[in-house]
Amino acid sequence: MNEKHLIQKYFSRKLDDESIIEGIGDDAAIVSTNSDCELVITTDTMSEGNHFSKQAPAFAVGYKLMASNLSDAAAMGATPRWATLNITLDKLNESWLEQFSNGLHECAEAHNVMLIGGDTTKGSCLNASIQLIAEVPIGKAMLRSGAHGGDKIYVTGVIGNAFNALEFLQENDFNHRKLSDTQFSALYMPESRIDLALELREIANAAIDISDGLLHELELMCSASHTGAILYVDDIPINDDIDFSKAIIGGEDYELLFSAPAEFAEEINNLSKKHNCLISCIGEMTNNTIIELYHGSKVIPYPKYTGYDHFAP
């Protein structure tokens, strides 16, 4: 199988989106955009041995690659539209490619995202990256830098399940068959909060997705917004069997962390019910630049390590 046939067999799909003028098959794709929108562009990479093991199911790798990019779009309050894929293969494994592409397309099609191009190449190890292009009405994107002192801090979903699953795999020689359905879904098939985010952008002041740990993402939001925060650790939604400190620094959750004025509490509660998505108020922004963790009425020590860093020593 040559490169042309590989692309046609595993990555070409019927493009029934009128915004796509030219998709896979030419030197570059051509799309038409809405004149009242701005483009939101993000990219994410997964490499074997760093983001997933050789034993990881190919379907799950493809699904998570797309989902991680969708999470970035959700954090901006943007509607995902088109994607391109770059993939480096160490060998041609058609069974792996079929499952990988099935996972990628299943996640994409669930959110009406069309794969419109990319590149394939051969290399020493397996790497794949998605570039996702989304749209947001002009001036409506949620940013990390918009939080204000007095805002309430919210998080979607349950924190720590993905990192718990990763630790379980590490302790069990990456035997994925030992993962529970909950662990597998948390690690490889995070739910993209797109629909919720499109409504949150009307009330949230700032937002970020949780890829490298809740506490790390809060630090980034506070730094960008020039605020501090008080975090009530008892209010963070964590399963009882998961260590608290690992849950808030572990990452891989792909949930949304956002701040909003206190007067929107009831509206946020209504959105939680409407989208069947747990949304928990876990703290508040302050006008200083300090982040404090409270257990009950007592301040607790701040963890020395607060998030994943690819180049940490």
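Below is a summary of the structure that appears in this document. All of these numbers come straight from a predicted model, not from anything done at the bench.

Within the protein one finds 9 helices and 13 strands. For the protein, whose C-alpha radius of gyration is 20 Å, the value lies close to the compact-globule estimate of 20 Å for 313 residues. Projected onto the principal axes, the alpha-carbon positions of the protein cover approximately 65 × 50 × 35 Å. Within the protein, the proportion of its 313 residues that are buried is 49%. Contacts spanning at least 24 positions in sequence make up 85% of the contacts within the protein whose residues lie at least 6 apart. Accessible area for the protein stands at about 15400 Å²; split by element, carbon and sulfur atoms hold 47% of it. Positive and negative side-chain charges of the protein, numbering 21 and 46 respectively, have mean locations separated by a distance of 5 Å.

Below, the discussion takes up the sheet that holds strand β10 (residues 256-260). Read from one edge of the open sheet, 7 strands run β8-β10-β7-β11-β9-β12-β13, paired in mixed fashion. Either end of the sheet is taken by a strand with one partner, and the two such strands are β8 (206-209) and β13 (298-300). The sheet shows a mean angle of 30° between the axes of neighbouring strands, taken without regard to direction. Here strand β9 (residues 228-232) pairs with strand β12 (residues 291-295) via 4 bridges, running parallel. The residue bridging Leu231 from the neighbouring strand is Leu293, located in β12.

Another aspect to go through is helix α5 (residues 181-188). Of all the positions in α5, only Gln183, Ala186, Leu187 and Tyr188 are classed as buried. Projected down its long axis, α5 carries its buried residues within an arc of 170°, all on one side. Away from its buried face by more than 90 degrees, α5 exposes Asp181 and Thr182. As for α5, its buried residues are in contact with α2 (58-76) and α4 (161-171).

Since there are 3.6 residues in each turn of an α-helix, residues three or four apart along the chain are aligned in direction. Restricting attention to buried positions, one finds in helix α9 (residues 265-274) the residues Ile268, Leu271 and Ser272. Buried residues of α9 fall within an arc of 105° about the axis and therefore sit on the same side. Exposed residues on α9 whose side chains face more than 90 degrees from its buried face are Glu266, Lys273 and Lys274. Packed against the buried residues of α9 are β7 (152-156), α6 (194-200), β10 and β11 (279-286). Once α9 finishes, Asn276 follows within two positions and takes phi at roughly 50°, a positive value.

As a further point, take the pattern of salt bridges. The tally for this structure, following the rule as stated, stands at 10 salt bridges. Across the pair Lys152 and Glu284 runs a salt bridge, and its minimum N-O distance is 3.3 Å. Of this pair, Lys152 sits in strand β7 while Glu284 sits in strand β11, and the two are 132 residues apart along the sequence. The exposure class assigned to Lys152 is partly exposed, which follows from its relative accessible area of 26%. Salt-bridge contacts for Lys274 lead to Glu199; the nearest nitrogen and oxygen are separated by 2.9 Å. With Lys274 in helix α9 and Glu199 in helix α6, the pair connects residues that are 75 residues apart, well separated along the chain.

With that out of the way, let us pick up the packing of α4 against α5. Their axes nearest at 8 Å, the elements α4 and α5 cross at an angle of 110°. Relative to α5, the element α4 is oriented roughly perpendicular. Contact with α4, carried on its side by Asn161, Ala162, Asn164, Ala165, Leu166, Phe168 and Leu169, involves Gln183, Ala186, Leu187 and Tyr188 of α5 and no other residues of that element.

Right, let's get into the nonpolar core. Phe11, Leu85 and Phe100 are the most contacted members of the largest nonpolar core, which totals 60 residues. Of all the elements, α2 adds the most residues to this core, at 11 residues. In contact with Phe11, not counting residues within four places along its chain, are Leu6, Ile24, Leu85, Leu97, Phe100, Ser101, Leu104, His105 and Leu115. Listed in part, the 26 residues of the second largest apolar core include Ile159, Met221, Ile248 and Leu293.

Here is what the cut-offs are and how they apply
Residues numbered from 1 in each chain as written. Predicted model: local features only at pLDDT ≥ 70, side-chain atom pairs only at ≥ 80, totals over all residues. Heavy atoms only, no water. Helix = DSSP H or I, 4+ residues; strand = E, 2+ residues; numbered from the N terminus. Rg over C-alpha atoms; globule rule 2.2 N^0.38 Å. Buried < 20%, exposed > 50% of the residue type's maximum accessible area, 1.4 Å probe, protein only. Contact = heavy atoms within 4.5 Å. Areas by Shrake-Rupley, 256 points an atom, 1.4 Å probe, with all protein chains shown as cover. Lys, Arg positive; Asp, Glu negative; His and termini not counted. Charge placed at Lys NZ, Arg CZ, Asp CG, Glu CD. Pairing = 2+ DSSP bridges. Axes fitted to C-alpha atoms, helices over the stretch in contact; angles between N-to-C directions. Arc of directions from axis to C-beta. Salt bridge = Lys/Arg side-chain N within 4 Å of Asp/Glu carboxyl O. Parallel < 35°, antiparallel > 145°, perpendicular 65-115°, else oblique. Core = buried A, V, L, I, M, F, W, Y, C linked by side-chain atoms within 4.5 Å.

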